[in-house]
Amino acid sequence: MQWDLSTLAPPPTGPAVAARARGCAERWRGRVGGLGAHDLSRLLAELGQARAGLTHLVAYAALHQSLDVFGQKGAELAAGADAVAESVEDALRFFDTEWQALSDERVAALLAAPALAPYRHLLLSARESRARPLPEAQERALAAREPLAQAWGLLHDRLLSPLDQAWADLTHTDPAVRRSAYDALVRGLAPHARTLALAYDTLVADRLAVDRLRGLARPRAMSDFDNRLDSTTVDRMLTEITLQHGLAERWFTHKARLLGVDSLAAWDERAPLPGAGRMTLAAAIETVLAAFARISPEIARVARRVVEEGRIDTVPRPGRVSRAFSLPVPSERTCFVLVSFGGRPADLLDLAHELGHAVAFVLAAEAQPTLVFDAPTALGEVPACFAELAVLDWLAVDGDPAQAADAEAQWIERCMRTVFRQTMITSFEQATYDLRGAERVLDAETLGDLWQQVHRDCYGTALAPGALQRLEWMRIPHFFQGRFYNYAYPFAGLTALGLHRLRRRDPLAFGAAFTAFLRSGATASPDAQLARLGLPIDDAETWRSALGEIRTRLNTLTTTRLPYRSRT
């Protein structure tokens, strides 16, 4: 399956998008303080329409660039979208400034009105962030610098894109191919280490400088705010995961036994697990749809629509980005999914994960105004991780037993990346900001030392050391595109496990509640939305219980799967 982007409605032109934003500003600038609830709702709808046009333009560019990362068309579309984005944000900045100038009493009176119910959380969050915005001229100056930061990210992608096949070959079934790919990656990355270290050092220093301007106390503060998560909750989760790092070491020790070796070589970390065979794409799609239908018919309906409209691209090819993702186009109430499907259990789980995203995007876009349909990253990853668990459940009951066992083992392997590796990445990132904050330059040697240390802390002695352990930080695009993005994955993975436990108690009631949760988008905070489902994320026991579920599944796997060796 491949996208046919001609079926997507062309976006409005850049000038039209910018003109709509300017028109909105001309109509409403200077009036926010005097608006009643009904007129404020009208203004928010107009802001949403202006942003929807921009989102369509950005998505259209990103989709074309994803299919041809070096292509002229995608690059030109992306550059045009970036320029328009700056213009739109500049035009609409008046709202935050004027909204934050209102008294608490006036805000409370407005937010009591039913007309503003969908926007209440958004508007409250904007008030909570009142310490962050700078005077409008300074905000405009900072926004004008964004293309420079984005250029570092594009440089990263272009330098590393030629190595995509080598990264893919680390999952090859032949150890000789994996070793050759490993050596190729070391040779390919090493010449870029100083350049990308300079890029990262520059970005970190710049972000810390902006934090000082905004008066933020810690480098993760912006990410916690953007995820609408209390920093104490995030700290508590990361601490609980760190205390369980022994599970990761135990898994990789067991993986060596599955592969029939005494210990894993450096190039075997991503080696595929031995399995019973491969699944066709058609069978994988029907498996995912059946699993979704068991949660809720509505969830399956939306997923089937995404498939039937040709919004999935599954075929790797030169120039196409290798990472899996889902990209919503809210103005069209649709979502595009990109995965590389080869029939392995990992590919089935990738398909479930990205379709889980797509369903959440579409249901929320159908139910909520544009400004509040898209949940923050950490909460937005929960439906995708839950989708993987739903597929495991369906396979365990109705699937082929060998495929079910293979998928369960693959899910444990994914947990090592989703929960433990992403926490390792967050630890590395925190250490880099701490060092840069102490005026230490983040050169290639320092970054290599840090990466090697956090890798050892997480995996212990289960993985043999290798040269790539000093270079692999370069592979993480999120370091260059933003900061502290990765902790969203352990949050979502452990939250999904907690929800999965709740589902077992009353599947029918949970399905209805979960569908309503997907429709909620960003209309309430993550803790409030998850509390409605019965999951308190401010309780350390929530994280311990989820990690206990991983431990239980790992116990089952390690006591029943040793016959794997005979099938290699």
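Quick caveat: nothing in here was measured; it's all calculated off a predicted structure.

## A word on empty space enclosed by the protein
Alright, step 1. Counted by the stated rule, this structure contains four cavities of 30 Å³ or more.
Alright, step 2. As a volume, the largest cavity reaches approximately 100 Å³.
Alright, step 3. Every residue lining the largest cavity is counted, 13 residues in all, and those nearest its centre are Y182, A266, E269, R270 and L468.
Alright, step 4. In the lining of the largest cavity, the residues fall into seven nonpolar, two polar and four charged.
Alright, step 5. If you add up the space inside the second largest cavity, you get close to 80 Å³.
Alright, step 6. Those elements giving two or more residues to the lining of the second largest cavity turn out to be α16 (345–367) and α19 (401–437).
Alright, step 7. The class makeup of the residues in the lining of the second largest cavity is four nonpolar, three polar and three charged.

## Brief notes about the sheet that holds strand β3 (residues 334–338)
Alright, step 1. Taken in spatial order, the three strands of this open sheet run β1-β3-β2, and their pairing is mixed. The sheet terminates laterally at β1 (312–313) and β2 (325–329), the two strands that pair on one side only.
Alright, step 2. Relative to β3, β2 is paired through five bridges, and the arrangement is antiparallel. When the sheet's bridge partners are listed, L327 is paired in β3 with F336.

## Overview of the environment of P526
Alright, step 1. Along the chain, the position of P526 falls in helix α24 (residues 526–532).
Alright, step 2. P526 gets classed as buried once you look at its relative accessible area, which sits at 1%.
Alright, step 3. Here the alpha-carbon distance between P526 and G466, two residues 60 residues apart in the chain, equals 40 Å.
Alright, step 4. If sequence neighbours within four positions are ignored, P526 has contacts with N227, R228, L229, P376, L379 and I537.

## Some remarks on the pattern of salt bridges
Working definition: two side chains of opposite charge can pair if their charged atoms are close together.
Alright, step 1. According to the stated counting rule, one finds 37 salt bridges in the structure shown.
Alright, step 2. Note that R519 is salt-bridged to E298, the shortest N-O span being 3.3 Å. Within this pair, whereas R519 is found in helix α23 (residues 507–520), its partner E298 is found in helix α15 (residues 297–308), the two being separated by 221 residues in sequence.
Alright, step 3. With relative accessibility at 23%, the residue E298 sits in the partly exposed group.
Alright, step 4. The partner of R470 in a salt bridge is E445, with the nearest N and O atoms 3.2 Å apart.

## A short note on the packing of aromatic side chains
Alright, step 1. For the structure on display, the rule yields 16 aromatic pairs.
Alright, step 2. On the basis of an interplanar angle of 40° and a centroid distance of 5.6 Å, the ring pair of F514 and F517 is categorised as tilted. Residue F514 and its partner F517 are both found in helix α23; the two are separated by three residues, about one turn of the helix.
Alright, step 3. Residue classification places F514 among the buried residues on the basis of a relative accessible area of 2%.
Alright, step 4. Here F517 falls in the buried class, since its relative accessible area comes to 7%.

## Digging into unusual backbone geometry
Alright, step 1. In the Ramachandran plot, R228 falls in the positive-phi region, its phi being about 55° despite a non-glycine side chain.
Alright, step 2. Relative to the assigned elements, R228 resides in the loop between α11 (221–226) and α12 (231–243).
Alright, step 3. The partly exposed category is assigned to R228, whose relative accessible area is 25%.
Alright, step 4. Of note in the backbone geometry, E439 takes a positive phi value of approximately 70° without being a glycine.
Alright, step 5. Inspection of the secondary structure assignment puts E439 in the loop between α19 and α20 (444–459).

What counts and how
Residues numbered from 1 in each chain as written. Predicted model: local features only at pLDDT ≥ 70, side-chain atom pairs only at ≥ 80, totals over all residues. Heavy atoms only, no water. 1 Å grid on protein atoms, 1.4 Å probe; cavity = no way out; pocket = protein on both sides within 12 Å on 5 of 7 lines; lining within 4 Å. Points joined across faces, edges and corners; volume = space filled by probe spheres on them. Nonpolar A, V, L, I, M, F, W, Y, C, P; charged D, E, K, R; others polar. Helix = DSSP H or I, 4+ residues; strand = E, 2+ residues; numbered from the N terminus. Pairing = 2+ DSSP bridges. Buried < 20%, exposed > 50% of the residue type's maximum accessible area, 1.4 Å probe, protein only. Contact = heavy atoms within 4.5 Å. Salt bridge = Lys/Arg side-chain N within 4 Å of Asp/Glu carboxyl O. Phe/Tyr/Trp six-rings, centres within 6.5 Å; stacked < 30°, edge-to-face > 60°.

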